[in-house]
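# Observations on chain architecture
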Amino acid sequence: MNAAEFVLEDVAKRFGSERRGHVAVKGLTDRFSNTQSVGIIGESGSGKSTLGRMLCALETATSGSIRFNGEEIADIRASKPKLIQFRRDVQLIGQDTTSSFDPRHSLRESIMYPAMSLTGLSRKEAYEKTDQVVELLGLSPKMADRPSEGVSGGQRQRFAIARALIVEPRILVCDEVVSALDVSVQGGILNFLKTYHRDREAGIIFISHGLPATSFISSELRVMFQGEFVEAGSTRRVVTEPEADYTKKLLAGYRAVPETLEAEVA
Amino acid sequence: MTTATLPLTAARAERRKYSAKLPRRRIDFLLLLPSLLIVLLAIVGPFLTPYSATTISGAVSSAPSMAHLFGTDSVGLDVFSRVIGAARYNLVIAVATTLLCTVIGVVFGLGIGWFESARGAAGLVARGTTRLFDLLQAVPAILLGLVIVSFFGASVISLTVGMAIILAPIQMRLVRIEVLRVRKEAYLDAARMAGQNELKLLARHVLPNSIWVALENMSFLFATSILLTAALGFVGVGLRPPTPEWGSMISSATNDALTGRWWSAAFPSIAMMITVWAFSNASHALFGRIAPKKLAAAAASSSPVVPSSEAAAEAR
């Protein structure tokens with residue numbers, strides 16, 4: 001398995017003009033590799049989704065540099081073969097479970113598409129691989145022939161994960177993947193992602209506002225507040241000995257469930 | 001020859017077998033039937049009518065009788081022959097207008113909706129075009145039609161183009177709003193992650209998901225263009241009399257109706273009503289939105305259009 005690594009240097013993102021615009025992300029410097037599972041936690045509007053979109057080359061940074069395997073994202077975006085290789089290596093799973101699939105296409109069609117366009121599989125190979133990936137996620141391949149409205153929210157999210165995994169990415173950016181789901185459904189998906197990370201050495205960047213899920217899945221944490229990392233470190237350290245005031249405040253909100261947290265971190 | 005075509009068909013067979021398309025909705029031919037009958041009538045009708053639609057055939061303003069089924073109008077033209085004869089003019093104008101204004105509206109709606117919040121030149125052009133459409137809608141339709149027709153003369157083509165320009169902003173607005181909705185959908189990001197460029201994105205996801213409003217609205221525009229033809233005829237810039245056309249027949253018969261001679265206005269009105277109804281059914285049959293829920297049920301219950309994994313395994 002080839003290694004994959006993001007290097008961020010002083011990354012900032014501003015929406016709108018310099019004078020009236022809104023700064024979503026500022027001064028981020030970090031590294032994410034395929035051996036890590038990093039949780040990025042913060043409240044709504046803290047810039048964590050923007051960071052995720054920048055990592056996926058869906059959004060460009062206003063300043064600073066994001067490099068993937070040594071190559072600037074801007075250069076990757078400018079070259080078609082590089083972008084295709086990048087999309088094979090980095091995939092996104094979004095938070096929206098209702099509109100994550102085109103309602104006019106069958107789930108299978110949506111899942112087959114990246115396999116054919118990114119990894120160059122034939123239709124037949126993509127069809128069969130879809131069956132495998134869908135089964136890996138504990139779903140019946142028959143269900144994939146339905147449109148996205150034909151399955152439940154939790155199933156749809158599993159199909160979304162299948163769509164991202166069919167190209168066997170090296171790094172998975174998970175943006176609030178379980179936030180919209182029932183707790184019972186969350187567990188299954190989190191367990192799956194954790195096992196997948198361990199077995200395939202695929203990096204996970206887990207963006208969420210929920211601490212229990214994030215600390216369960218990630219060995220490292222970044223706490224984001226108003227576009228900046230206010231705290232970074234191993235999950236155990238951040239949860240047990242927080243340094244930043246914001247982290248302490250955030251943890252205080254979870255004091256009601258200390259045992260579960262402890263259990264998950266351990 | 002066979003060796004050359006064989007791999008092609010084999011590839012096609014494999015394509016079909018591993019296609020993952022949702023089952024297509026069947027067209028309900030019963031809904032299409034009335035409009036097909038009207039089209040047939042428009043084509044063969046003038047050969048079957050008892051009188052010419054454009055020459056005087058009897059006494060002025062005679063009531064419906066065996067000789068004149070729908071009576072005669074104030075000039076002595078046979079109303080039945082004219083109602084039938086008008087069908088082809090009205091149908092050609094209304095269908096062409098509807099299609100043309102939908103094409104214009106979809107192209108502009110897609111472009112404007114997609115680019116209007118973009119920075120730079122594309123966004124500027126898109127926003128400028130919206131204002132241009134506003135201007136177009138601010139001018140009364142009749143006045144605009146008057147200008148167009150007086151410049152290019154009253155013909156089927158100038159009427160069609162003129163009315164298409166008048167009605168296009170309606171379609172543009174509908175499509176634009178849908179594009180604004182669709183461009184926020186998460187599946188567009190998913191498609192980008194699957195390596196689709198923006199052009200492919202528009203063709204594969206944005207257009208199919210935003211065009212349906214314009215298609216469903218076609219039945220309304222069909223009716224509107226028939227009424228607009230009539231209104232233009234009323235102010236004297238429609239097709240020149242004695243060319244049969246329902247709108248001008250109705251407008252020239254209003255005086256008859258006021259004095260109790262109802263038939264010269266009533267029959268073209270009824271013809272117009274039936275036509276609008278028939279074509280709105282047709283448009284529903286052809287372009288009615290596919291309800292995804294129904295498709296889901298169909299895919300789950302009926303024999304699958306795509307092979308199941310077991311079938312695929314068997315094939316291996």
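Scroll up to find the structure.
This report concerns the structure included in the present document. This one's a predicted model, so the numbers in the text were calculated from it and none came from an experiment. (Residues numbered from 1 in each chain as written. Chains lettered and ligands numbered in written order. Predicted model: local features only at pLDDT ≥ 70, side-chain atom pairs only at ≥ 80, totals over all residues.)

### A word on the overall build of chain B
- A count of helical and extended segments in chain B gives 15 helices and zero strands.
- Counting over 316 residues, chain B shows a buried share of 37%.
- Long-range pairs, those at least 24 residues apart, make up 67% of the contacts in chain B between residues at least 6 apart in sequence. (Helix = DSSP H or I, 4+ residues; strand = E, 2+ residues; numbered from the N terminus. Buried ≥ 20, exposed ≤ 12 C-beta atoms within 10 Å, placed from the backbone. Contact = placed C-beta atoms within 7 Å.)

### Observations concerning the interface of chain B and chain A
- Of the residues lining the interface, 29 residues belong to chain B; the matching set on chain A comes to 36 residues.
- Listed by contribution, the elements that provide at least two residues to the side of chain B that touches chain A are α1 (2-17), α7 (186-193), α8 (198-210), α14 (292-301) and α15 (309-315) of chain B.
- Looking at side-chain class alone, the side of chain B that touches chain A contains 17 nonpolar, five polar and seven charged residues. (Nonpolar A, V, L, I, M, F, W, Y, C, P; charged D, E, K, R; others polar.)

### Considerations on the sheet that holds strand β2 (residues 22-33) of chain A
- Read across the sheet, four strands follow the order β2-β1-β4-β5 (chain A) without closing on themselves; strand pairing throughout is antiparallel. On the outer flanks of this sheet lie β2 and β5 (71-72) of chain A, each paired with one strand and no other. (Pairing = 2+ DSSP bridges.)

### Some words on helix α3 (residues 80-89) of chain A
Residue and element names in this part refer to chain A.
- Those residues of α3 lying buried are Phe86, Arg87 and Asp89. Seen along its axis, α3 keeps its buried residues to an arc of 160 degrees; they face one direction. Seen from the buried face of α3, the exposed residues on the opposite side, beyond 90 degrees, are Lys80 and Pro81. (Arc of directions from axis to C-beta.)

### Side note on unusual backbone geometry
Residue and element names in this part refer to chain A.
- If you check the backbone angles, Ala57 has positive phi at about 60 degrees while not being a glycine.
- Accessibility expressed as a C-beta count within 10 Å gives 20 for Ala57, which makes it buried.
- Although it is not a glycine, Asn69 adopts a positive phi angle of roughly 50 degrees.
- Here Asn69 is to be found in the loop between β4 (63-68) and β5.

### Points about the environment of Arg181 of chain B
- Mapped onto the secondary structure, Arg181 of chain B falls in helix α6 (residues 156-182).
- In this structure, the C-alpha to C-alpha distance between Arg181 of chain B and Val206 of chain B, residues 25 residues apart in sequence, is 9.6 Å.

### Things to note about the environment of Ala278 of chain B
Residue and element names in this part refer to chain B.
- With respect to the helices and strands, Ala278 occurs in helix α13 (residues 263-287).
- Along the sequence, Ala278 and Leu32 sit 246 residues apart, while their C-alpha atoms lie 7.6 Å from each other.
- Apart from residues lying up to four places away in sequence, Ala278 is in contact with Pro34, Ser35 and Ile38.

### Brief notes about the sheet that holds strand β8 (residues 203-208) of chain A
Residue and element names in this part refer to chain A.
- Spatial ordering of the open sheet is given by β6-β7-β8-β3-β9-β10, a layout of six strands whose pairing is mixed. Only two strands of the sheet have a single neighbouring strand rather than two, namely β6 (90-93) and β10 (228-234). Across the sheet, the axes of successive neighbouring strands diverge by a mean angle of 15 degrees, strand direction being ignored.
- Sheet analysis places strand β3 (residues 37-41) next to strand β9 (residues 220-225), joined by four bridges and oriented parallel. Looking at the pairing, Ile40 lines up with Arg222 of β9.
- Set on the sheet, helix α1 (residues 48-55) makes contact with β3, β6, β7 (171-175), β8 and β9; between it and β8 the angle comes to about 150 degrees. (Axes fitted to C-alpha atoms, helices over the stretch in contact; angles between N-to-C directions.)

### Examining the nonpolar core
- In this structure, Leu55, Val173, Cys174 and Ile205 of chain A are the most contacted members of the largest nonpolar core, which totals 80 residues.
- Ignoring anything within four residues of it in the chain, the contact list for Val173 of chain A reads Gly52, Leu55, Cys56, Val90, Leu92 and Ile205 of chain A.
- One finds Ile84, Val175, Phe222 and Phe267 of chain B within the second-largest nonpolar core, a separate group that totals 56 residues. (Core = buried A, V, L, I, M, F, W, Y, C linked by C-beta atoms within 7 Å.)

Treat this as a map of the structure, not an account of what it does.
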